[in-house]
Amino acid sequence: FLTRCLNSWRRLQGRRTSHNSTMEGLLKRELNTTKLRPIGGGGGCINRGEGYETDHGKFFVKMNGERGARVMFEGELASLEAIAATGTVTVPKPMKVLDDPRGKGAMLIMEHVDMGGLRSYADKLGEQMARLHLYNEEVAKKAAAGSSRVGRGGDATPAYVSRFGFHTTTCCGAIPQDNSWSDDWVSFYAVKKLKLQLDLVEKDYHDRETRELWPQLERKLPKFFEGLEVTPSLLHGDLWGGNAAENDKGPVIFDPASFYGHHEFEMAIASMFGGFGGRFFSAYYKILPKASGWEARHELYKLFHYLNHWNHFGSSYRGSSLSIMKSLVKDY
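Residues numbered from 1 in each chain as written. Predicted model: local features only at pLDDT ≥ 70, side-chain atom pairs only at ≥ 80, totals over all residues. Heavy atoms only, no water.

Trainee: Would you mind going over the packing of helix α4 (residues 185-205) against helix α8 (residues 294-313) with me for this structure?
Mentor: Helix packing geometry: the angle between the two helix axes and the distance between the axes. In contact at an axis separation of 10 Å, α4 and α8 are set at 30° when each is read in the N-to-C sense. Considering the angle they form, α4 stands roughly parallel to α8. You can see that α4 and α8 cross each other, and the crossing is left-handed. Together, Trp185, Tyr189, Lys193, Leu194, Gln197, Leu198, Leu200, Val201 and Tyr205 of α4 and Leu300, Tyr301, Leu303, Phe304, Leu307, Asn308, Trp310 and Asn311 of α8 make up the contact between the two elements. Considering only residue class, the contact of α4 with α8 consists of 13 nonpolar, three polar and one charged. (Axes fitted to C-alpha atoms, helices over the stretch in contact; angles between N-to-C directions. Helix = DSSP H or I, 4+ residues; strand = E, 2+ residues; numbered from the N terminus. Parallel < 35°, antiparallel > 145°, perpendicular 65-115°, else oblique. Left-handed = near helix turned anticlockwise from the far one by under 90°. Contact = heavy atoms within 4.5 Å. Nonpolar A, V, L, I, M, F, W, Y, C, P; charged D, E, K, R; others polar.)

Now the structure itself:
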């Protein structure tokens, strides 16, 4: 028995060595480097990562071994590019998405950014997120005034986006989001955000209460937006405390799941799990004040994230999801 165990362990170690060698060879070719020294990494609930020192500096590689990883990383790359193009807030510079030679997954290569917890620059990040959310509107204003080049340093900015959605699929966690374009925010949020999550809850949990509450809530959705004009803002899409940090130059945000939507959506996840102090929110709302009816919409936007967590991590998030649904149906 001991001999069989040792032989199995040796075969496993041999496969790991072969896989690591294949991975190392691919990264060396793609980064055009002879040196590829691991410098540490980490991982979250969805992906793992590793930093590398190369002939050309440091890079960070995110890896996921599941099917669908390429779609997820391509969406993240597009999100990082879109945010970076605004010049409003720092994000790691993405390079490319590669298929994992060891199996069915993929990897995303990006700039390595040294960073730590968000402390000194919380208020600055609040300001920068407000500027990000206002950026598309500023593009429209400058275009209307006849300026075709409104970027920093003479660079042309992205064109104004008049609809809700995004040009590619992005993933909030591991769940692909339907970002197909829509002219109407309320229907976009109802169908492509809430209903998408509720369909997954139904598929996996067959929950009677959510099934009964959803038609009642869906009918009330337009009421939460009465008298409000919602214009498309470029969003990070998953701005919880774990996706923001800082270095000696200022704040950094990462792991986006971007789309063009209502700017209030962003602050829901930011308020749910800690990580952003009062200075962040004060700075943000000083530039983008809360509009009438904000409280109900804030709960409505939190609902998406509780449902998303229910679908990722299980029924411990059922109570919070149902509580919000019941409150919105009854109290507003």
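Trainee: What am I meant to see in the sheet that holds strand β4 (residues 94-99) here?
Mentor: Adjacent strands of a sheet pair through backbone hydrogen bonds, lying either parallel or antiparallel. Ordered in space as β1-β2-β3-β5-β4, the five strands form an open sheet in which the pairing is antiparallel. Since the sheet does not close on itself, it has two edges, and those belong to β1 (36-43) and β4, each with one partner. Neighbouring strand axes in the sheet, compared pairwise and without regard to direction, differ in orientation by 25° on average. Two strands pair when backbone bridges link them, and β1 and strand β2 (residues 48-54) are joined in this way by seven bridges, in the antiparallel orientation. Counterpart to Gly42 in the pairing with β2 is Gly49. (Pairing = 2+ DSSP bridges.)

Trainee: Even after reading the chapter, I still don't get the confidence of the model for the chain, so can you show me in this structure?
Mentor: Regions with low pLDDT carry predicted coordinates that are not meant to be interpreted in detail. The predicted model of the chain has a mean per-residue pLDDT of 91, with 91% of residues at 70 or higher. Segment residues 12-18: pLDDT under 50, and zero contacts once partners within four positions in sequence are set aside and those in other chains are kept. Across residues 148-155, confidence stays below pLDDT 50; counting only partners more than four residues off in sequence or on other chains, it has eight contacts. (pLDDT = per-residue confidence, 0-100.)

Trainee: Sorry, what's going on with the pairing of strand β10 (residues 250-253) here?
Mentor: Judged from the four bridges that link them, strand β9 (residues 244-247) and β10 form a sheet pairing that is antiparallel. Of the residues in β10, the one forming a bridge with Asn247 is Gly250. Between β9 and β10, which pair antiparallel one after the other, the connecting turn spans two residues.

Trainee: Would you take a moment to explain the pattern of salt bridges for this structure?
Mentor: Pairing between side chains of opposite charge can happen when their charged atoms approach one another. Counted by the stated rule, this structure contains 21 salt bridges. Residue Lys28 pairs with Glu24 through a salt bridge whose shortest N-O separation is 3.1 Å. Pair noted here: Lys28 and Glu24 are both in helix α1 (residues 2-31), with a separation of four residues, about one helical turn. Note on Glu24: relative accessible area 35%, which makes it partly exposed. The shortest N-O distance in the salt bridge between Arg70 and Glu74 comes to 2.7 Å. (Salt bridge = Lys/Arg side-chain N within 4 Å of Asp/Glu carboxyl O. Buried < 20%, exposed > 50% of the residue type's maximum accessible area, 1.4 Å probe, protein only.)

Trainee: Can you walk me through unusual backbone geometry in this structure?
Mentor: Trans is the common state for peptide bonds, and a negative phi is the common state for residues other than glycine. One non-glycine residue, His206, adopts positive backbone phi at about 50°. Tracing the chain through its elements places His206 in the loop between α4 and α5 (208-220). In this structure, Asp255 takes a positive phi of about 55° despite not being glycine. One can find Asp255 in the loop between β10 and β11 (259-261). For Asp255, a relative accessible area of 28% corresponds to the partly exposed category.

Trainee: How should the side chain of Asn47 be read in this particular structure?
Mentor: Here Asn47 is to be found in the loop between β1 and β2. Given a relative accessible area of 16%, Asn47 falls into the buried group. Within the structure, the side chain of Asn47 is placed 2.9 Å from the side chain of Asn64, a separation counted as a polar contact. Setting aside residues up to four positions removed in sequence, Asn47 forms contacts with Lys62, Met63, Asn64, Met72 and Phe73. (Polar contact = N/O pair within 3.5 Å; in protein donor to acceptor, adjacent residues only side chain to side chain.)

Trainee: How should the packing of α5 against helix α9 (residues 318-331) be read in this particular structure?
Mentor: Relative orientation of the contacting elements α5 and α9 amounts to 40°, with a least axis distance of 9 Å. With respect to each other, α5 and α9 are oriented oblique. Crossing handedness for the pair α5 and α9: left-handed. Judged by residue contacts, Glu209, Thr210, Leu213, Trp214, Gln216, Leu217 and Lys220 of α5 engage Arg318, Leu322, Met325, Lys326, Leu328 and Val329 from α9.

Trainee: Any chance you could explain the packing of aromatic side chains here in plain terms?
Mentor: For any pair of aromatic rings, the description rests on two quantities: the centre-to-centre distance and the angle between the ring planes. Across all of its chains, the model carries 21 aromatic pairs by this definition. Both rings, one in Trp185 and one in Phe259, keep their centres 6.4 Å apart while their planes meet at 10°; by these two values the pair is stacked. Of this pair, Trp185 sits in helix α4 while Phe259 is found in strand β11, placing the two residues 74 residues apart along the sequence. Judged by relative accessible area, Trp185 falls into the buried class, the value being 3%. With a relative accessible area of 1%, Phe259 lands in the buried category. Summarising the aromatic geometry, the rings of Phe276 and Phe280 are spaced 4.5 Å apart at their centres and angled 35° between planes, so their arrangement reads as tilted. Of the two residues examined, Phe276 and Phe280, each falls in the buried class. Site record: aromatic cluster; members linked through ring pairs are Phe164, Trp185, Phe188, Tyr189, Phe259, Phe265, Tyr301 and Phe304. Positioned above the aromatic ring of Trp294 is the side chain of Lys290, whose terminal nitrogen or guanidinium carbon lies 4.0 Å from the ring centre. (Phe/Tyr/Trp six-rings, centres within 6.5 Å; stacked < 30°, edge-to-face > 60°. Lys NZ or Arg CZ within 6 Å of the ring centre and 35° of its normal.)

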